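Here are the chains, one letter per residue:
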Amino acid sequence: MKELRLAVIGKDVSKSTSPEIHKFIATSMGKSISYEKISVPVYGFEQCISEILEAYYGVNVTIPYKLSVIPYLKKLDGDAKTFGSVNTVTTRDLCGYNTDGVGYSMMLENENVDVKSKEVLLLGAGGAGRSVSKKLLDMGAKVSVYDKNSAKAYALSHEFGELNAIESLNVKPYYLIVNATGVGMHESEGQSPVGENLLGLCEVAVDLIYSPPKSKFLEIAEGLGKKIVNGVGMLFYQAYYSECIYFGLKPNSMQAKRLFEEYLKEN
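Right, let's walk through the structure included here. (Residues numbered from 1 in each chain as written. Predicted model: local features only at pLDDT ≥ 70, side-chain atom pairs only at ≥ 80, totals over all residues. Heavy atoms only, no water.)

Observations regarding the pattern of salt bridges
Here comes step 1: In this structure the tally under the stated criterion is 11 salt bridges.
Here comes step 2: When the shortest N-O distance is used, the salt bridge between Asp 79 and Lys 135 registers 3.8 Å. Highlighted residues: Asp 79 in helix H3 (residues 79-83) and Lys 135 in helix H5 (residues 127-138), separated in sequence by 56 residues.
Here comes step 3: Looking at Lys 135, the relative accessible area reads 17%, which means it is buried. (Salt bridge = Lys/Arg side-chain N within 4 Å of Asp/Glu carboxyl O. Helix = DSSP H or I, 4+ residues; strand = E, 2+ residues; numbered from the N terminus. Buried < 20%, exposed > 50% of the residue type's maximum accessible area, 1.4 Å probe, protein only.)

In structure tokens form, the structure reads like this:
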């Protein structure tokens with residue numbers, strides 16, 4: 001059985017658990033992989049991305065390169081076309097995919113978070129925010145998006161017409177608040193993009209961050225008695241769908257859920 005050489009690339013993936021998750025999934029499906037972490041500073045991305053794409057069979061892409069990688073690809077497929085954001089690349093054909101959206105929706109489903117017809121505040125209009133916003137809309141949510149760079153929020157609103165871009169964070173009730181900003185990890189660990197005034201009015205707080213397992217954002221929400229969900233479920237499910245792409249396998253949601261439950265028991 002051929003071992004596939006895979007990697008994850010991001011600005012700082014030093015604390016990423018992607019290698020463990022991908023290896024667990026591959027082994028469970030009877031496959032063999034190697035999986036490396038590649039941290040690349042923003043100023044070095046253009047100099048090394050082509051070399052990285054040549055060196056690996058498949059590459060997972062994370063913050064902040066989900067949009068930056070697109071010019072180096074020959075085509076986009078599925079959700080990557082819809083979102084304009086890539087988290088999975090098959091280098092043999094330089095094709096970009098996005099499994100973030102399906103990973104996110106599966107995570108919400110498993111956590112019994114039903115957003116249909118409910119008000120949702122999405123923090124962050126970057127690569128992850130793009131994927132999450134479209135899935136939330138598809139699930140029937142009424143989504144408002146805020147980004148410090150308001151132009152990004154308005155561009156996203158223009159692209160996904162039902163999305164409401166807001167320039168300031170007015171204190172009002174939301175069923176769900178989603179942190180897709182990256183604030184709370186790495187150098188910003190211990191910080192939260194919003195405080196008690198907003199989190200106190202929501203029912204559910206979801207952070208796409210999974211390291212640390214409980215970000216300041218979730219810590220505040222939990223202290224206020226809110227349901228909290230971190231990003232490990234999304235990370236696992238998007239990894240599962242990525243592996244199906246790498247190995248040419250048909251995804252099975254029941255298999256994905258079973259593997260996630262087994263992974264949690266072992267970790």
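Having seen it, we continue.
Comments concerning helix H1 (residues 18-28)
Here comes step 1: When H1 is considered as a whole, its buried residues turn out to be Ser 18, Pro 19, Ile 21, His 22, Phe 24, Ile 25 and Ala 26.
Here comes step 2: On its buried face, H1 is in contact with strand S1 (3-10), strand S2 (32-39), strand S3 (58-61), helix H9 (232-247) and helix H10 (253-266).
Here comes step 3: Directly after H1, the chain includes Gly 30, whose backbone phi takes a positive value near 75 degrees. (Contact = heavy atoms within 4.5 Å.)

Notes on the nonpolar core
Here comes step 1: Counting residues in each nonpolar core, the largest one holds 29 residues, and the members touching the most others are Tyr 104, Val 115, Leu 136, Leu 176, Val 206 and Leu 208.
Here comes step 2: Those elements that provide at least two residues to this core are helix H4 (100-110), strand S7 (119-123), H5, strand S8 (142-146), helix H6 (150-159), strand S10 (176-179) and strand S11 (204-207).
Here comes step 3: It is H5 that contributes the most residues to this core, 4 residues altogether.
Here comes step 4: Among all residues touching Tyr 104, those that are not within four sequence positions of it are Val 132, Leu 136, Leu 176, Val 178, Val 206, Leu 208 and Met 234.
Here comes step 5: Ranked by size, the runner-up nonpolar core spans 19 residues in total, among them Phe 45, Ile 52, Tyr 56 and Tyr 65. (Core = buried A, V, L, I, M, F, W, Y, C linked by side-chain atoms within 4.5 Å.)

Side note on the sheet that holds S2
Two pairing modes exist for strands in a sheet, parallel and antiparallel, and in both the strands are linked by backbone hydrogen bonds.
Here comes step 1: Taken together, the 6 strands give an open sheet; going across it, the order is S2-S1-S3-S5-S6-S4, and neighbouring strands pair in mixed fashion. Each of the sheet's edge strands pairs with one partner strand only, and the pair in question is S2 and strand S4 (75-76).
Here comes step 2: Both S1 and S3 contribute to a ladder of 4 bridges, which runs parallel. Across the sheet, the residue bridging to Leu 6 is Gly 58, located in S3.
Here comes step 3: Where H1 meets the sheet, its contacts fall on S1, S2 and S3, and the angle it forms with S2 comes to roughly 165 degrees. (Pairing = 2+ DSSP bridges. Axes fitted to C-alpha atoms, helices over the stretch in contact; angles between N-to-C directions.)

Topic: the packing of aromatic side chains
Here comes step 1: Applying the stated rule across the entire model yields 9 aromatic pairs.
Here comes step 2: Taken together, a centroid distance of 5.3 Å and an interplanar angle of 90 degrees make the contact between Tyr 240 and Tyr 241 edge-to-face. Each member of the pair, Tyr 240 together with Tyr 241, is buried.
Here comes step 3: Through pairs of rings, three or more aromatic residues link up here, namely Phe 24, Phe 236, Tyr 237, Phe 260 and Tyr 263.
Here comes step 4: The ring centre of Tyr 56 lies 4.3 Å from the NZ or CZ of Arg 5, which sits over that ring.
Here comes step 5: Looking at Lys 118, its charged tip hangs above the ring of Tyr 175, at a distance of 4.1 Å from the centre. (Phe/Tyr/Trp six-rings, centres within 6.5 Å; stacked < 30°, edge-to-face > 60°. Lys NZ or Arg CZ within 6 Å of the ring centre and 35° of its normal.)

Let's talk about the environment of Ile 21
Here comes step 1: For Ile 21, the location among the structural elements is in helix H1.
Here comes step 2: Using a relative accessible area of 0% as the deciding quantity, one classes Ile 21 as buried.
Here comes step 3: Sequence spacing of Ile 21 and Tyr 263 is 242 residues, and the spatial spacing of their C-alpha atoms is 7.9 Å.
Here comes step 4: Discounting chain neighbours no more than four positions away, the residues touching Ile 21 are Leu 235, Phe 236, Ala 239 and Tyr 263.

A word on the pairing of S3
Here comes step 1: On S3, burial covers both faces: Gly 58 and Asn 60 on one face and Val 59 and Val 61 on the other are all buried.
Here comes step 2: One ladder, built from 3 bridges, connects S3 with strand S5 (residues 88-90); its direction is antiparallel. By the bridge assignment for S5, Val 59 is matched with Val 89.

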